[in-house]
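# Structural overview
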Amino acid sequence: SSASVAVGCVKATDDGIQSPSMAESHLPGVDPDAFKAALGRWASGITVVTAAGPDGPVGLTVSAFSSLSLHPPLVLVCIGHASWTHDLVTQAPGFGVHILATDQEEVSNTFAFSREDRFKDLPWEGGHHGVPMLEGAHARLVCERHQVVEAGDHSVLIGRVLQADVTDGDPLMWWKGGYRHLAE
């Protein structure tokens, strides 16, 4: 059993997992289809998040990624509770974030849809905490788990960045339900 303490509107436990403790609104929520349509208008990069699982490397495609803080260097990724990788990634001591390059649609699809060995035929190396780091990404971040915050049907995984590698080129983008490429 983990100890917990209430902090503002968030309940923090000693295992680093937090959940909101505020009352829910009585106002009706937006229609899910309208919500998806509105958020589909937000262009975003595509990332693959990886971690070392007990039976080998695991990973998933994530578009909900953001920088959070410069001091300390923090990023966040949102992982759906329904993902079979959810517990493996959110409970791992570290994780990798790969900002995909414009030529990595197949990598994105592999980590979004395949449940087979997602790392088969992909070159990768081990980073801090045994995090599998894919080669060929536009940028790569090695993170250690800083905090996990529960929010609706997702967990917000916050990581402290230990290492950052970047390459030249353009990122792979997602907009209105499809891959896009930057135009100059």
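This section reports on the structure supplied with the text. (Residues numbered from 1 in each chain as written. Predicted model: local features only at pLDDT ≥ 70, side-chain atom pairs only at ≥ 80, totals over all residues. Heavy atoms only, no water.)

### Focus: the pairing of strand S13 (residues 154-166)
Two strands pair when backbone bridges link them, and strand S8 (residues 74-80) and S13 are joined in this way by seven bridges, in the antiparallel orientation. The residue bridging Gly80 from the neighbouring strand is His154, located in S13. Two elements, strand S12 (residues 139-151) and S13, share twelve bridges in a ladder whose sense is antiparallel. Along S13, the bridge assignment pairs Arg145 with Gly159. Counting the residues that bridge the hairpin from S12 to S13 gives two residues, and of these Gly152 lies at a positive phi of roughly 60 degrees. (Pairing = 2+ DSSP bridges. Helix = DSSP H or I, 4+ residues; strand = E, 2+ residues; numbered from the N terminus.)

### Describing the layout of surface pockets
Of the voids in this model, the largest pocket is the one considered here, and its volume is about 990 Å³. As for the largest pocket, its lining consists of 35 residues, and the residues nearest its centre are Thr61, Val62, Ser63, Ala64 and His154. At the level of secondary structure, the elements contributing two or more residues to the lining of the largest pocket comprise helix H1 (32-39), strand S4 (44-45), strand S6 (56-62), S8, helix H3 (105-113) and strand S14 (173-175). With five residues, the top contributor of residues to the lining of the largest pocket is H3. Among the residues making up the lining of the largest pocket, the classes are represented as 19 nonpolar, 13 polar and three charged. (1 Å grid on protein atoms, 1.4 Å probe; cavity = no way out; pocket = protein on both sides within 12 Å on 5 of 7 lines; lining within 4 Å. Points joined across faces, edges and corners; volume = space filled by probe spheres on them. Nonpolar A, V, L, I, M, F, W, Y, C, P; charged D, E, K, R; others polar.)

### Digging into the nonpolar core
Counting 17 residues, the largest nonpolar core has Val49, Val77, Val89, Phe95, Val97, Cys143 and Leu157 as the members making the most contacts within it. Sorting the residues of this core by element identifies strand S5 (47-53), S6, S8, strand S9 (94-99), S12 and S13 as the ones contributing at least two each. Those residues in contact with Val77 that sit more than four places away from it in its chain are Val49, Val62, Ala64, Phe65, Phe95, Val97, Ser155, Val156 and Leu157. Within the second largest apolar cluster, nine residues are counted, among which are Ile46, Leu100, Leu134 and Tyr179. (Core = buried A, V, L, I, M, F, W, Y, C linked by side-chain atoms within 4.5 Å. Buried < 20%, exposed > 50% of the residue type's maximum accessible area, 1.4 Å probe, protein only. Contact = heavy atoms within 4.5 Å.)

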